Amino acid sequence: MTEQTLPRTPEEPAPAEAAGPFAAPAEPPRKPLRERRVLRAVARWSLAVVVAGGLGVGTAAFVTSQERTDLPGLATASDGRWDFPRQKLPALPADAPRPDHADNAAGIHHADLRDLLVTAPGSAEPDAKLTGDWTPASAYLAEYAKGDRRELGNKLHEFALRHAASRAWTMPDGTEARVHLLRFPSSGLTDLYRDKGLDFGSTTGASLAHAEETWMDKQWTSRGVPETASVYSYEEQAPYGDDGVQTRVAYIVAGDTLGMVVHEKKGGADRVPFHQTVVLQTQLLS
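Asker: For this particular structure, what's the right way to read the pairing of strand β8 (residues 245-254)?
Answerer: Remember that side chains alternate between the two faces of the sheet whenever the strand is regular. Of all the 10 residues making up β8, 10 are buried; the element is thus mostly covered by neighbouring parts of the structure. Across six bridges, the pairing between strand β7 (residues 230-235) and β8 is antiparallel. Note that in β8 the partner of Glu235 across the bridge is Arg248. Of the pairings in the sheet, the one linking β8 to strand β9 (residues 257-266) comprises 10 bridges and is antiparallel in character. Each residue of the ladder has a partner; that of Thr247, found in β9, is Glu264. In textbook terms, the turn of a hairpin is the stretch between consecutive antiparallel strands, and for β8 and β9 this stretch comprises two residues, one of which, Gly255, has a positive phi near 60 degrees.

And the structure:
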């Protein structure tokens with residue numbers, strides 16, 4: 001049954017650059033992000049081949065019809081999956097094409113960005129700040145090491161970030177999950193931010209706040225991922241640092257929107273629920 005969008009009368013969120021300064025507090029000198037990119041050039045092309053090949057794998061769970069409907073929560077707890085509720089695909093405005101439609105060359109998502117965020121599992125404790133509403137760019141930039149935030153913020157401004165929405169929660173086992181969606185004016189500008197801002201390859205280009213380096217998740221598969229989206233999945237390898245917290249991160253590129261999914265847990269963040277979260281979020285964006 002088609003899910004109807006609840007009426008909204010939100011004000012258009014302020015431009016990302018007005019949400020607060022991108023500058024970070026002073027810290028000891030650190031190798032510039034642009035220098036670290038040179039080391040990833042060859043690995044970047046290798047990853048492109050892996051991702052392109054992976055997208056050809058089965059997409060049985062992908063909803064292919066134009067009609068907007070429910071997505072399964074993929075919630076069978078026996079294999080470690082979380083108890084996600086059924087995800088709601090928001091109804092599109094009349095005659096609005098989907099991002100992958102031939103009449104939508106810019107890859108625009110016509111649904112409200114907040115309605116495209118994956119909802120938290122039933123057993124989760126919602127975050128008091130990242131509630132699924134509009135968020136300033138600084139909430140997203142906080143995912144990165146302080147030395148990289150300024151440059152990434154400049155790239156968000158350069159490629160005209162329109163707005164961002166975020167949701168976070170904590171599971172009973174201590175796993176902290178955060179999801180950010182960034183909307184740009186077109187798919188081309190989303191790609192430019194991916195390539196010239198994040199610039200990841202076999203490792204993430206910009207260092208994360210709690211994991212200086214993460215590596216490509218070799219156990220990631222594209223099962224359930226629509227062919228219209230690209231997913232880049234990474235994991236921090238042991239040892240996990242002084243606090244023993246492992247970080248997993250995935251980037252989703254779908255039309256005018258870039259998604260970021262982060263799971264962190266002391267002793268190791270479980271792979272199954274992380275992949276589950278990424279797949280559900282990717283389906284919502286496709």
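Asker: It is not clear to me how unusual backbone geometry should be interpreted in this structure. Could you clarify?
Answerer: A negative phi angle characterises most non-glycine residues, just as the trans form characterises most peptide bonds. A cis amide bond, omega 0 degrees, links Ala238 with the succeeding residue Pro239. Assignment of secondary structure puts Pro239 in the loop between β7 and β8. Phi at Asp95 takes a positive value of approximately 65 degrees, unusual for a residue other than glycine. Along the polypeptide, Asp95 turns up in the loop between β2 (87-88) and β3 (125-135). Residue Asp95 is classed as exposed on the basis of its relative accessible area of 78%. Positive phi values are uncommon outside glycine, yet Ala160 reaches one of about 60 degrees. For Ala160, the location among the structural elements is in the loop between α4 (146-158) and β4 (163-170). Take Ala160: its relative accessible area is 35%, and that puts it in the partly exposed class.

Asker: How should the environment of Leu181 be read in this particular structure?
Answerer: Looking at the element boundaries, Leu181 is found in strand β5 (residues 176-183). Taking the C-alpha atoms as reference points, Leu181 and Ile252, separated by 71 residues in sequence, lie 9.0 Å from one another. Look past the residues within four positions of Leu181 in its chain and what remains in contact with it is Leu113, Leu116, Leu117, His163, Ala164, Ala165, Thr257, Leu258, Gly259, Gln281 and Leu285.

Asker: Is there a simple way to think about the confidence of the model for the protein chain in this case?
Answerer: Regions with low pLDDT carry predicted coordinates that are not meant to be interpreted in detail. Here the protein chain averages 79 in pLDDT, while 72% of its residues score no lower than 70. Within the model, pLDDT remains below 50 along residues 1-28, and this stretch shows 47 contacts once partners closer than five positions in the same chain are excluded. Contacts of residues 41-67 to residues separated by more than four positions or lying in other chains number 46 contacts, the stretch itself having pLDDT below 50.

Asker: Help me understand the sheet that holds strand β6 (residues 215-216) in this model?
Answerer: Strand-to-strand pairing in sheets goes through backbone hydrogen bonds, with the strands running parallel or antiparallel. Taken together, seven strands build an open sheet; the order of strands is β3-β4-β5-β9-β8-β7-β6 and the sheet is antiparallel. Taken across any chain shown, the strands that pair with only one partner, and hence form the sheet edges, are β3 and β6. As paired elements, β3 and β4 share five bridges and run antiparallel to each other. Note that in β4 the partner of Thr135 across the bridge is Ala164. Each of β5, β7, β8 and β9 is contacted by helix α5 (residues 187-198), which is oriented at about 45 degrees to β9, the strand it contacts most. Against the sheet, helix α6 (residues 271-284) makes contact with β4, β5, β7, β8 and β9, and its axis sits at roughly 20 degrees relative to β8, the strand it touches most.

Asker: When you look at the packing of α4 against α5 in this model, what are you seeing that I'm missing?
Answerer: For any two helices packed against each other, one specifies the inter-axial angle together with the distance between the axes. The geometry of α4 relative to α5 is characterised by a closest axis approach of 10 Å and an angle of 155 degrees between their N-to-C directions. Considering the angle they form, α4 stands roughly antiparallel to α5. Read as a crossing pair, α4 and α5 show a hand that is right-handed. In this structure, α4 uses Leu152, Lys155 and Leu156 to contact α5, whose residues at the interface are Tyr193, Lys196, Gly197 and Leu198.

Asker: Any chance you could explain α6 here in plain terms?
Answerer: Count 3.6 residues to each turn of an α-helix, and residues three or four apart come out pointing the same way. If you check α6, its first and last C-alpha atoms are 20 Å apart, about what 14 residues at 1.5 Å a residue would give, namely 20 Å. Counting buried residues along α6, 12 of its 14 residues qualify, which places the element largely inside the surrounding structure. Taken together, the buried positions of α6 are occupied by Pro273, Phe274, His275, Gln276, Thr277, Val278, Val279, Leu280, Gln281, Thr282, Gln283 and Leu284.

So, how was this worked out
Residues numbered from 1 in each chain as written. Predicted model: local features only at pLDDT ≥ 70, side-chain atom pairs only at ≥ 80, totals over all residues. Heavy atoms only, no water. Buried < 20%, exposed > 50% of the residue type's maximum accessible area, 1.4 Å probe, protein only. Helix = DSSP H or I, 4+ residues; strand = E, 2+ residues; numbered from the N terminus. Pairing = 2+ DSSP bridges. Contact = heavy atoms within 4.5 Å. pLDDT = per-residue confidence, 0-100. Axes fitted to C-alpha atoms, helices over the stretch in contact; angles between N-to-C directions. Parallel < 35°, antiparallel > 145°, perpendicular 65-115°, else oblique. Left-handed = near helix turned anticlockwise from the far one by under 90°. Expected span 1.5 Å × (residues − 1).

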